[in-house]
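An overview of the molecular structure
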Amino acid sequence: MTDQHSSPGHTHHEDPACDVAHGAALAPPVTRTLVAVFTSPVASYLLRYAGDAGFRPVLVEPDPQRAQPGEPAEDGVAVAGGFDGYLDDAADVVVTDHHRPELGPMLRDALAGKTRWVGVMGNPRLPAPHIPALAALGVAETDIGRVHRSIGLNICSHTPAEIALATLAGLIADRNGRSGGFEF
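This write-up is about the structure you can find in this document.

Calculation notes
- Residues numbered from 1 in each chain as written.
- Predicted model: local features only at pLDDT ≥ 70, side-chain atom pairs only at ≥ 80, totals over all residues.
- Heavy atoms only, no water.
- Pairing = 2+ DSSP bridges.
- Helix = DSSP H or I, 4+ residues; strand = E, 2+ residues; numbered from the N terminus.
- Contact = heavy atoms within 4.5 Å.
- Axes fitted to C-alpha atoms, helices over the stretch in contact; angles between N-to-C directions.
- 1 Å grid on protein atoms, 1.4 Å probe; cavity = no way out; pocket = protein on both sides within 12 Å on 5 of 7 lines; lining within 4 Å.
- Points joined across faces, edges and corners; volume = space filled by probe spheres on them.
- Nonpolar A, V, L, I, M, F, W, Y, C, P; charged D, E, K, R; others polar.
- Expected span 1.5 Å × (residues − 1).
- Buried < 20%, exposed > 50% of the residue type's maximum accessible area, 1.4 Å probe, protein only.
- Phe/Tyr/Trp six-rings, centres within 6.5 Å; stacked < 30°, edge-to-face > 60°.
- Core = buried A, V, L, I, M, F, W, Y, C linked by side-chain atoms within 4.5 Å.
- Arc of directions from axis to C-beta.
- Parallel < 35°, antiparallel > 145°, perpendicular 65-115°, else oblique.
- Left-handed = near helix turned anticlockwise from the far one by under 90°.
- Salt bridge = Lys/Arg side-chain N within 4 Å of Asp/Glu carboxyl O.

The subject of this paragraph is the sheet that holds strand β6 (residues 147-148). Taken in spatial order, the six strands make up an open sheet running β3-β2-β1-β4-β5-β6, and their pairing is parallel. Whereas interior strands pair on both sides, the edge strands pair on one side only; in this sheet they are β3 (78-80) and β6. Direction of pairing for strand β5 (residues 117-120) relative to β6: parallel, over a ladder of two bridges. Looking at β6, one finds that V118 is bridged to V147. Against the sheet, helix α2 (residues 41-52) contacts β1 (32-37), β2 (55-60) and β4 (91-95), and its axis sits at roughly 155° relative to β2. Packing of helix α3 (residues 103-112) onto the sheet brings it into contact with β1, β2, β4, β5 and β6, and relative to β5 it is tilted by some 165°.

Laid out in structure tokens, this is it:
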């Protein structure tokens, strides 16, 4: 006996997500933008996976020595020197390097836009460098409180690819109104 998931050529399922998984239906249209701030190995994986997961991937790198704005990067990722045109209520911003001297100004600018979600990668057991960086720039405590840290699902990531997957999974859960994890 075969079920609807294993029968050859069967394309209709009661669950539309199943049709998408089997290639029988189109994935939902891209309605979100994922902006990774700063060139890093995690940003490279994050943006590569984001395009496949239904996000418009954008790399914002303020240092032209690290990435050239205006030139499309690998996998159709847009590259920009700043946030112009990328921040709206459908944009998620992930800062992928909390050691860069531009951390404060980049976060301040992301928070000043209509950005839906802003997060900074970092170990939650260590002090958060974005808080003093933003406070020094005069950013209001309520805005500083909008910055998520840590981000992504707690899967004990050890490599840039794993960190990117955990981060993207958390954003997908949030996009779909879920908390993430293994509770259904």
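A few words on the layout of surface pockets. Within this model, the largest pocket holds a volume of roughly 550 Å³. The dominant element in the lining of the largest pocket, judged by the number of residues it contributes, is helix α6 (residues 160-175), at three residues. Its residues assigned to classes, the lining of the largest pocket shows 10 nonpolar, nine polar and two charged.

Taking 1.5 Å of rise per residue, the 16 residues of α6 would be expected to cover 22 Å, and the 22 Å separating its terminal C-alpha atoms lies within 8% of that figure. Of all the positions in α6, only A161, A164, A166, T167, L168, G170, L171 and A173 are classed as buried. Here the buried face of α6 lies against β1, α2, β2, β4 and β5.

Next up on the list: the packing of aromatic side chains. Counted according to the given criterion, the structure contains one aromatic pair. An angle of 40° between the planes, with centres 5.9 Å apart, marks the rings of Y45 and Y49 as tilted. Of this pair, Y45 and Y49 are both found in helix α2, four residues apart, which corresponds to roughly one turn of the helix.

What follows is about the nonpolar core. The biggest cluster of nonpolar side chains holds 22 residues, and the ones touching the most others in it are V35, V37, F83, V93 and L107. Those elements giving two or more residues to this core turn out to be β1, β2, β4, α3 and β5. With five residues, α3 is the largest single contributor of residues to this core. Other than its neighbours up to four places away in sequence, F83 contacts V35, V37, V60, V93, M106, D109 and A110. Among the nonpolar cores identified, the runner-up in size contains 20 residues, and A43, L59, V79 and V94 belong to it.

Buried residues of α3: L103, G104, M106, L107, A110 and L111, and no others. Angularly, the buried residues of α3 cover 165° about the axis, an arc narrow enough to put them on a single face.

Relative to each other, α2 and α6 sit at 50°, their axes nearing to 8 Å. The angle between α2 and α6 places the two elements in the oblique class. Remark: the crossing between α2 and α6 carries right-handed chirality. In this structure, α2 contributes P41, V42, Y45, L46, Y49 and A50 to the contact, and α6 contributes P160, A161, I163, A164, L165, T167 and L168. Classifying every residue of the contact of α2 with α6 by side-chain character gives 12 nonpolar, one polar and no charged.

Positionally, G82 belongs in the loop between β3 and β4. Distance from G82 to P62, taken between C-alpha atoms, is 6.1 Å for residues 20 residues apart in sequence.

Our next topic: the pattern of salt bridges. All told, the structure shown has eight salt bridges when counted by the stated rule. D92 is paired through a salt bridge with R32; the nearest N and O atoms lie 3.9 Å apart. In this pair, D92 sits in strand β4 while R32 sits in strand β1, placing the two residues 60 residues apart along the sequence. Take D92 and R32: they sit in the same class, and that class is buried. The residue E61 makes a salt bridge to R100 at a minimum N-O spacing of 2.6 Å. Taken as a pair, E61 in the loop between β2 and β3 and R100 in the loop between β4 and α3 lie far apart in primary sequence, 39 residues in all. For the residue pair E61 and R100, the accessibility class agrees, reading buried in each case. The structure contains a network of salt bridges with shared partners spanning R32, D92, R116 and D174.

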